[in-house]
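Descriptive analysis of the structure
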Amino acid sequence: MIELSGVLGVVVVALGMVLTPGPNMIYLVSRSITQGKRAGITSLGGVALGFMVYLLAANLGLSVVFIAVPELYFAVKLAGAAYLAYLAWNALKPGGLSVFSPQEVPHDSPRKLFTMGLMTNLLNPKIAIMYLSLIPQFIDLNKGHVLLQGIVLGSIQIVVSVAVNLAIVLAAGTIAGFLARRPSWLKVQRYMMGSVLGTLAFTLALDTSGPV
């Protein structure tokens, strides 16, 4: 039902988004470094729930809108390409700070950690744009079952994002110490991620194929 190219496309987008410093990463790293791995994992649970909320909300509307107005495909594609270009610039611009040097935060209860993880994700514009503008571009209307395709592709994104974030949570303290001693490595990571995002943005912007 779903082409391998679509799956790989979502994986690349998911990796690009999760490895680009944003509210989710900053919050999870801050909690892991200042309150421990268990706090980071609890916070990640809230983030994962936020992904599922976006997944259902976006796809329940998407299945109707894309079939009724396929012309919106091009507007969606350009919006996604523009946002990827914006993320690429943020990764490549000079003067960026490492997400692994967070400010000290107070210790909170597990319930508050989970809730804050959920709210951080729900209020993250990067996640909203990903579900409404980026992932839909890998849906093939010719294959039918638009809703199911959206849910499957969104689920792939959630698995990738949660797995990467879990690895970051577990390794936050070690990574923070490593980068503190080797600041040049941070630049390498930023340039590599910015290049991937920029290339994907350029490819999407030049793609003139339609949704049907």
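Summarised in this report is the structure supplied together with it. Everything numeric here is computed off the predicted structure, so don't read it as measured data.

So, the overall build of the chain
- Each helix and strand in the chain was counted, giving 8 helices and 0 strands.
- The order of helices and strands in the chain, counted from the N terminus, is α-α-α-α-α-α-α-α.
- Counting the 212 residues in the chain, one finds 44% classified as buried.
- For the chain, the share of sequence-separated contacts (at least 6 apart) that also reach a separation of at least 24 residues comes to 88%.

Re the nonpolar core
- Counting residues in hydrophobic clusters, the biggest one holds 29 residues, and the most contacted among them are V13, F51, M130 and Y131.
- Looking at this core, the elements that each hand over two or more residues are α1 (4-18), α3 (37-68), α4 (72-92), α6 (125-134), α7 (146-181) and α8 (183-206).
- No other element matches α3, which puts 6 residues into this core.
- Residues contacting Y131, with those up to four places away along its chain left out, are F51, Y54, L55, A58, P136, G154, Q157 and I158.
- Residues V18, M25, V164 and A172 belong to the second largest nonpolar core, which totals 8 residues.

Overview of the environment of M52
- Relative to the helices and strands, M52 resides in helix α3.
- A residue is classified by how much of its surface remains accessible, and M52, at 42% relative accessible area, is partly exposed.
- For M52 and I151, which are 99 residues apart along the polypeptide, the C-alpha to C-alpha distance reads 9.6 Å.

Comments concerning the side chain of S32
- Turning to its location among the elements, S32 is positioned in helix α2 (residues 23-35).
- Separated by 2.8 Å, the side chain of S32 and the backbone oxygen of L28 make a polar contact.
- Not counting the four nearest positions on each side in its chain, S32 is found in contact with K37, G40, V169 and A172.

Quick look at the packing of α2 against helix α5 (residues 110-122)
- Their axes nearest at 9 Å, the elements α2 and α5 cross at an angle of 160°. In terms of axis orientation, α2 runs roughly antiparallel to α5. As α2 packs across α5, the resulting crossing turns out to be right-handed. Between α2, through P23, N24, Y27, R31 and Q35, and α5, the contact on the second element is made entirely by K112, L113, M116, G117, T120 and N121.
- For the contact of α2 with α5, the per-class residue count stands at 4 nonpolar, 5 polar and 2 charged.

Quick word on the packing of aromatic side chains
- For the structure shown, the criterion picks out 1 aromatic pair.
- On the numbers, 6.2 Å between centres and 10° between planes, the contact of Y54 with Y131 is stacked. On the criterion of sequence distance, the pair formed by Y54 in helix α3 and Y131 in helix α6 is long-range, its members being 77 residues apart.
- Residue Y131 is classed as buried on the basis of its relative accessible area, which comes to 3%.

Examining α2
- Taking 1.5 Å of rise per residue, the 13 residues of α2 would be expected to cover 18 Å, and the 17 Å separating its terminal C-alpha atoms lies within 8% of that figure.
- Buried residues of α2: N24, M25, Y27, L28, V29, S30, R31, S32 and T34, and no others.

Some points on the pattern of salt bridges
- A full pass over the atoms with the stated rule returns 2 salt bridges.
- Across the salt bridge formed by D108 and R31, the nearest N and O atoms sit 2.5 Å from each other. Of this pair, D108 sits in the loop between α4 and α5 while R31 is found in helix α2, placing the two residues 77 residues apart along the sequence. R31 shares its class with D108; the two are buried.
- Ionic pairing is found between D108 and K112, a salt bridge with its closest N-O pair at 3.7 Å.

Conventions we followed
- Residues numbered from 1 in each chain as written.
- Predicted model: local features only at pLDDT ≥ 70, side-chain atom pairs only at ≥ 80, totals over all residues.
- Heavy atoms only, no water.
- Helix = DSSP H or I, 4+ residues; strand = E, 2+ residues; numbered from the N terminus.
- Buried < 20%, exposed > 50% of the residue type's maximum accessible area, 1.4 Å probe, protein only.
- Contact = heavy atoms within 4.5 Å.
- Core = buried A, V, L, I, M, F, W, Y, C linked by side-chain atoms within 4.5 Å.
- Polar contact = N/O pair within 3.5 Å; in protein donor to acceptor, adjacent residues only side chain to side chain.
- Axes fitted to C-alpha atoms, helices over the stretch in contact; angles between N-to-C directions.
- Parallel < 35°, antiparallel > 145°, perpendicular 65-115°, else oblique.
- Left-handed = near helix turned anticlockwise from the far one by under 90°.
- Nonpolar A, V, L, I, M, F, W, Y, C, P; charged D, E, K, R; others polar.
- Phe/Tyr/Trp six-rings, centres within 6.5 Å; stacked < 30°, edge-to-face > 60°.
- Expected span 1.5 Å × (residues − 1).
- Salt bridge = Lys/Arg side-chain N within 4 Å of Asp/Glu carboxyl O.

Purely geometric stuff here, so don't read any function into it on its own.
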